[in-house]
Amino acid sequence: MMLPSVAAIAVFVYGFVGWTGYVSLTRWNDVLPDYTWAGLRAYRDLFDAVRFRIDIVNTVKFTLAFLTGCLGLGFSLAVLLDRRTKVEPVFRTLFLAPLAISFIVTGVVWRWLLNPGSAQLGSVGINLLLDRAHLGFLKTGWYTDPRIGILAVALAAIWQLSGYTMALYLAGLRSIPDELREAAHVDGAGDWQLHRYVLIPLLQPITLSAVIILGHISLKIFDLVVAMTGPGPGFSSDVPAFFMFDTTFRGNHFAQGAAIAEILLVLVALLTVPYLVYSTRTEVER
Amino acid sequence: MIAHRAARPGTAGQGRGSSQAARILVGAALVLAAAFYLLPFYVMVVTSMKSFAEVSLARMWALPSGLSFASFAQAWQGNPAHGQRGLDANFLNSVKLTVPATVLSAWLGSMNGYVLAKWRFRGADIVFPAILFGMFIPYQSVLIPLVQTLQRIGLYGTLQGLILVHVVYGIPITTLIFRNYYATVPNELVEAGTMDGAGLWGIYQRIMIPLSPPAFVVAAIWQFTSIWNDFLFGVTVTSQPDVQPITVALNNLAGSFVVEWNVQMGGALLAALPTLLVYVLLGRYFMRGLMAGSLKG
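Residues numbered from 1 in each chain as written. Chains lettered and ligands numbered in written order. Predicted model: local features only at pLDDT ≥ 70, side-chain atom pairs only at ≥ 80, totals over all residues.

### Comments concerning the overall build of chain A
In terms of regular secondary structure, chain A is built from 13 helices and zero strands. The helix and strand sequence of chain A, counted from the amino end, reads α-α-α-α-α-α-α-α-α-α-α-α-α. Taking the principal axes of the C-alpha coordinates as reference, chain A spans close to 75 × 65 × 35 Å. Scored against the burial criterion, the 286 residues of chain A give a buried share of 47%. Looking at chain A alone, contacts between residues at least 24 apart form 70% of all its contacts between residues at least 6 apart. (Helix = DSSP H or I, 4+ residues; strand = E, 2+ residues; numbered from the N terminus. Buried ≥ 20, exposed ≤ 12 C-beta atoms within 10 Å, placed from the backbone. Contact = placed C-beta atoms within 7 Å.)

### Brief notes about the overall build of chain B
Summing up its helical and strand segments, chain B has 14 helices and two strands in all. Expressed as lengths along the three principal axes of its C-alpha atoms, the size of chain B is roughly 75 × 75 × 30 Å. When the 297 residues of chain B are sorted by exposure, 46% land in the buried category. The long-range share in chain B, meaning contacts at least 24 apart out of those at least 6 apart in sequence, stands at 74%.

### Re the packing of helix α5 (residues 103-113) of chain A against helix α13 (residues 261-281) of chain B
Helix packing for two helices is described by the angle between their axes and how far apart those axes are. Running from N to C, α5(A) and α13(B) cross one another at 155°; their axes reach a closest spacing of 9 Å. Of the possible angle classes, the one that applies to α5(A) and α13(B) is roughly antiparallel. Note that α5(A) runs across α13(B); the crossing there is left-handed. Taken together, the residues of α13(B) that come into contact with α5(A) (itself represented by A:Ile104, A:Val105, A:Val108, A:Val109 and A:Trp112) are B:Trp261, B:Gln264, B:Ala268, B:Ala271 and B:Ala272. Looking at the contact of α5(A) with α13(B), its residues break down into nine nonpolar, one polar and no charged. (Axes fitted to C-alpha atoms, helices over the stretch in contact; angles between N-to-C directions. Parallel < 35°, antiparallel > 145°, perpendicular 65-115°, else oblique. Left-handed = near helix turned anticlockwise from the far one by under 90°. Nonpolar A, V, L, I, M, F, W, Y, C, P; charged D, E, K, R; others polar.)

### Things to note about the domain arrangement of chain B
All names here are of chain B. If you check the domain split of chain B, you get domain 1 (2-68) and domain 2 (88-293). Using only C-alpha atoms to locate each centre, domain 1 and domain 2 end up separated by 35 Å. Every contact between the two is made by seven residues of domain 1 and, on the other side, seven residues of domain 2. (Domains from an automatic or database assignment.)

### Observations regarding the interface of chain A and chain B
On the chain B side, the residues contacting the 79 residues of chain A number 66 residues. The greatest single-element share of the side of chain A that touches chain B, amounting to 15 residues, is contributed by helix α13 (residues 254-285) of chain A. The residue makeup of the side of chain A that touches chain B, split by class, is 57 nonpolar, 15 polar and seven charged.

### Quick word on the environment of A:Trp112
Along the chain, A:Trp112 turns up in helix α5. For the pair A:Trp112 and A:Gly125, spaced 13 residues apart in sequence, the C-alpha to C-alpha distance is 6.6 Å. When neighbours within four sequence positions are excluded, A:Trp112 is seen to be in contact with A:Gly125, B:Val43 and B:Trp261.

### Considering the packing of helix α7 (residues 150-175) of chain A against helix α10 (residues 204-220) of chain A
Residue and element names in this part refer to chain A. Contact geometry of α7 with α10 gives a least axis separation of 10 Å together with a crossing angle of 160°. As the angle between them shows, α7 and α10 are arranged roughly antiparallel. Note that α7 runs across α10; the crossing there is right-handed. Contacts between α7 and α10 involve Leu161, Thr165, Leu168, Tyr169 and Gly172 from the first element and Ile206, Ala210 and Leu214 from the second. Counted by class, the contact of α7 with α10 contains six nonpolar, two polar and no charged residues.

### What to know about the nonpolar core
Membership of the largest hydrophobic core comes to 170 residues, with the highest contact counts inside it found for A:Val153, B:Ile177, B:Leu250 and B:Ala268. The dominant element in this core, judged by the number of residues it contributes, is α7(A), at 18 residues. Here this core spans two domains, and each of domain 1 (2-68) and domain 2 (88-293) of chain B adds at least three residues to it. Sequence-distant contacts of B:Ala268, that is, excluding residues within four places in its chain, are made with A:Val105, A:Val108, A:Val109, B:Met44 and B:Leu250. (Core = buried A, V, L, I, M, F, W, Y, C linked by C-beta atoms within 7 Å.)

### Some remarks on unusual backbone geometry
Residue and element names in this part refer to chain A. We note that tryptophan 142 has phi near 50°; this positive angle belongs to a residue other than glycine. By the secondary structure assignment, tryptophan 142 is in the loop between α6 (125-132) and α7. Here the phi dihedral of phenylalanine 235 falls at roughly 60°; this positive angle occurs in a residue that is not glycine. Among the residues examined, phenylalanine 235 registers 22 C-beta atoms within 10 Å and is labelled buried.

### Things to note about the environment of B:Met291
All names here are of chain B. Within the fold, methionine 291 resides in helix α14 (residues 283-293). Overall, methionine 291 belongs to the partly exposed group, with 16 C-beta atoms counted inside 10 Å. Separated by 114 residues in the primary sequence, methionine 291 and isoleucine 177 have C-alpha atoms spaced 9.7 Å apart.

Structure below.
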């Protein structure tokens, strides 16, 4: 009964991953396949390539900004919504709504919002809002400024996915029994101490799974970069997933593209496999 | 929480005063956050309601002077005189692709979930996480063989090819959703079925399927949303504009310099509408899929 699915996954996941690994060890860097053995050459060339080094730095920057933003904003919103009020469902629905739309839509809209404008046209989007609020000194070129680049993409990604961490934390906060809060209160803990010393430590498993899920999304980020910025000036918003697509399907450098894909796969596996094994094992014991 | 309780009538006046202030602060923070989340939706809706004459940059935050659906019409039908394609065919492609792929992957997931939850076979502890890993992999690591294989079997560049891809890569998440759901079905039901002489298939058809609608809704909503929103498979597997799903077409529309912002925003709203509608109408089930995705059951 499971056979068709198991066979499909064996071929389309494991078979194809292995095939890609093989491609990465060949000389296939043209339209027509060339399976001549080249060893680790594609990987060595990749680590020497300026673009790939920039991409790695961008991925680190993006991941740090994206994780900090999602965890910080998600946790704050969850704490604010933890008081069950009449308007709470309205806010919760709104904070989660971006999750329902595609990265492409998000990218198209945020490209417009973070459009830097120009000398002739004047300020546009967020910059225009900053002007109006007399916060003009905060204006920047956003994704057109090489110093910011990928961080502008991270802002859009935080907008889209922080609702997810909010939902995780909110579920976590509500599973903590009220008696615990009351006990802390009786012991003289204020709201701040309650959160810092009681709730945040209790929510640590949620933080861990959020870091793993969001971290693997950030390693794979692609659609948003395509729709919002492309590689940007001096590759300032380029990421490995985009480099892979670009070099493989536009440049026909199949071996190089395969090597990038395998590096991404290993990074994702390092992050998710321990978590996967741990979660499925504890579930069986439960 | 605590401040909230202190605000009940009968508590000390001082406590009430400080909690009142706290409540106003919380409210203000929530409104500020709401503004951040609403901003892109606001701009998308407002801009797409404007006529081209009105889309001046200085007025981009202002409301339109009247309701104009011309931008939607142009995004939908295109503007052949300027070589701009409409999104109508692509919207339809996305429907034709998403519906069968959703149904098929949910059905496969339910069979897998049933076997994994109720028939502990040798090696299941390895097979289950091995299937789940399929939902985490960066799809870049399968694209090259995928394109070659689809070319060889004649499905490259077709909607059927794209459906096949979405069904296969949808198996992990649907399997997870159904396995967790069937794990809550009492084993006694399965045993009773065995006693009545029903086998693997009989129990699935007569006992599990009738119990499954809630899990089908969760899996279907999840798959509908992710397949509708997919871009990477769409852009890799389909190269002809008349076969492409809406996300790919929207990206092409937005990437072309001749298309005005109001039309781009109209197109973005069209692409976002189906999944937003599903979210607003069936948000509860959407949430469950979201939680399942973090392996939290």
